[in-house]
Amino acid sequence: AQSVTQLDSHVSVSEGTPVLLRCNYSSSYSPSLFWYVQHPNKGLQLLLKYTSAATLVKGINGFEAEFKKSETSFHLTKPSAHMSDAAEYFCVVTESSSYKLIFGSGTRLLVRP
Amino acid sequence: NAGVTQTPKFRILKIGQSMTLQCTQDMNHNYMYWYRQDPGMGLKLIYYSVGAGITDKGEVPNGYNVSRSTTEDFPLRLELAAPSQTSVYFCASSYSSGQETQYFGPGTRLLVL
């Protein structure tokens, strides 16, 4: 069975410092992995996705994530946080032929001025 | 190109009342989905559709019904509202399954009292 664990429910960083949001997954088959961002009272927006091509995936707004099969991880990083990055971030896993997205419980990113 | 639109944005229902949450997409996507998001949780799939006239249950279908008479529209019906259905409801669409990005609407916040 597939599952996703986001290791931190809240992460707080200062503006201009690096961001690390951690995600571990469990999947029986070759997974597709996504990071979505949700700003307050908004819908979800895709940040980036991994679909068995390059293991280092670059997304929008300077975010990137690295797929590490040996560690079953897909951590999200950004070199320098901006105030506008404050939001909820969801790690999501699915199998290549499946309609079903499995969501993590989310990590709320707070950015201090 | 509006993407995925949902109405209403917010609604208060009394226990036992019924209502329909509307969802429309203008991207000619075959797949459409309804999710619910409870506080502090990721999204859970209620129903999905792979094309007009075809619908199927997701993880948490009890208390809901759907129909898909056109490619564009995918309404979600609550027949007898219960407090447990207080949640934020998101509609999404994608061209196909698996690796394809799901595009989300802005959500409908429902409060059942």
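Residues numbered from 1 in each chain as written. Chains lettered and ligands numbered in written order. Predicted model: local features only at pLDDT ≥ 70, side-chain atom pairs only at ≥ 80, totals over all residues. Heavy atoms only, no water.

Observations concerning the overall build of chain A
When you go through chain A residue by residue, the secondary structure sums to 0 helices and 12 strands. Listed by position from the N terminus, the elements making up chain A come as β-β-β-β-β-β-β-β-β-β-β-β. The C-alpha atoms of chain A give 13 Å as radius of gyration, which agrees with the globular expectation for 113 residues (13 Å, within 12%). Overall, chain A is about 40 × 25 × 20 Å in size when its C-alpha atoms are taken along their principal axes. Across chain A, every contact between residues at least 6 apart in sequence was considered, and the portion connecting residues at least 24 apart equals 56%. Total accessible area on chain A is roughly 5,400 Å²; 51% of this is exposed by carbon and sulfur atoms. (Helix = DSSP H or I, 4+ residues; strand = E, 2+ residues; numbered from the N terminus. Rg over C-alpha atoms; globule rule 2.2 N^0.38 Å. Contact = heavy atoms within 4.5 Å. Areas by Shrake-Rupley, 256 points an atom, 1.4 Å probe, with all protein chains shown as cover.)

Side note on the environment of His39 of chain A
Residues and elements named next belong to chain A. Looking at where His39 falls in the secondary structure, it is placed in the loop between strand S5 (31-38) and strand S6 (44-50). Each C-alpha atom, one on His39 and one on Asp85, is 8.6 Å from the other, the two residues being 46 residues apart in sequence. Setting aside chain neighbours within four positions, we find His39 in contact with Ser84, Ala86 and Ala87. Of note is the side chain of His39, whose polar atom sits 3.4 Å from the backbone oxygen of Ala86. (Polar contact = N/O pair within 3.5 Å; in protein donor to acceptor, adjacent residues only side chain to side chain.)

Quick word on the pattern of salt bridges
Applying the stated rule across the entire model yields 6 salt bridges over all chains. Its salt-bridge partner being Arg36 of chain B, residue Asp38 of chain B comes within 2.9 Å of it at the nearest N-O pair. (Salt bridge = Lys/Arg side-chain N within 4 Å of Asp/Glu carboxyl O.)

Comments concerning the interface of chain A and chain B
Across the contact, 23 residues belong to chain A and 23 residues belong to chain B. Of the roughly 1,700 Å² buried where chain A meets chain B, counting both sides, 55% is carbon and sulfur surface. Broken down residue by residue, the surface that chain A buries against chain B is led by Leu44, Tyr99 and Phe103 of chain A, which jointly contribute 33%. On inspection of chain A and its partner chain B, the count reaches 0 salt bridges. Inspection of the region where chain A meets chain B yields 3 residue pairs in polar contact (both at pLDDT 80 or more). Listed by contribution, the elements that provide at least two residues to the side of chain A that touches chain B are S5, S6 and strand S10 (87-95) of chain A. With 4 residues, the top contributor of residues to the side of chain A that touches chain B is S5 of chain A. A class-by-class count of the residues in the side of chain A that touches chain B yields 8 nonpolar, 11 polar and 4 charged. (Buried area = accessible area lost by both parts, 1.4 Å probe. Nonpolar A, V, L, I, M, F, W, Y, C, P; charged D, E, K, R; others polar.)

A look at the confidence of the model for chain A
With 98% of its residues at a pLDDT of 70 or more, chain A shows a mean pLDDT of 91. The element-level mean pLDDT for chain A is lowest in strand S11 (residues 102-103) of chain A, coming to 88, with strand S3 (residues 19-21) of chain A highest at 98. (pLDDT = per-residue confidence, 0-100.)

Focus: the state of the cysteines
Disulfides are covalent bonds that link the sulfur atoms of two cysteine residues. This model, assessed by the stated rule, comprises 2 disulfides over all chains. Shown here is the disulfide that connects Cys23 of chain A with Cys91 of chain A, its sulfur atoms set 2.0 Å apart. The disulfide joining Cys23 of chain A to Cys91 of chain A has a torsion of about -70° about its S-S bond and is therefore left-handed. Of this pair, Cys23 of chain A sits in strand S4 (residues 23-26) while Cys91 of chain A sits in strand S10, and the two are 68 residues apart along the sequence. Accessibility expressed as a relative area gives 0% for Cys91 of chain A, which makes it buried. Paired through a disulfide, Cys23 of chain B and Cys91 of chain B show a sulfur-sulfur distance of 1.8 Å. On the sign convention where negative means left-handed, the S-S torsion of about -70° between Cys23 of chain B and Cys91 of chain B marks this disulfide as left-handed. Residue Cys23 of chain B is found in strand S3 (residues 19-25), and its partner Cys91 of chain B is found in strand S9 (residues 87-94); the two are separated by 68 residues along the sequence. (Disulfide = S-S within 2.5 Å. Buried < 20%, exposed > 50% of the residue type's maximum accessible area, 1.4 Å probe, protein only.)

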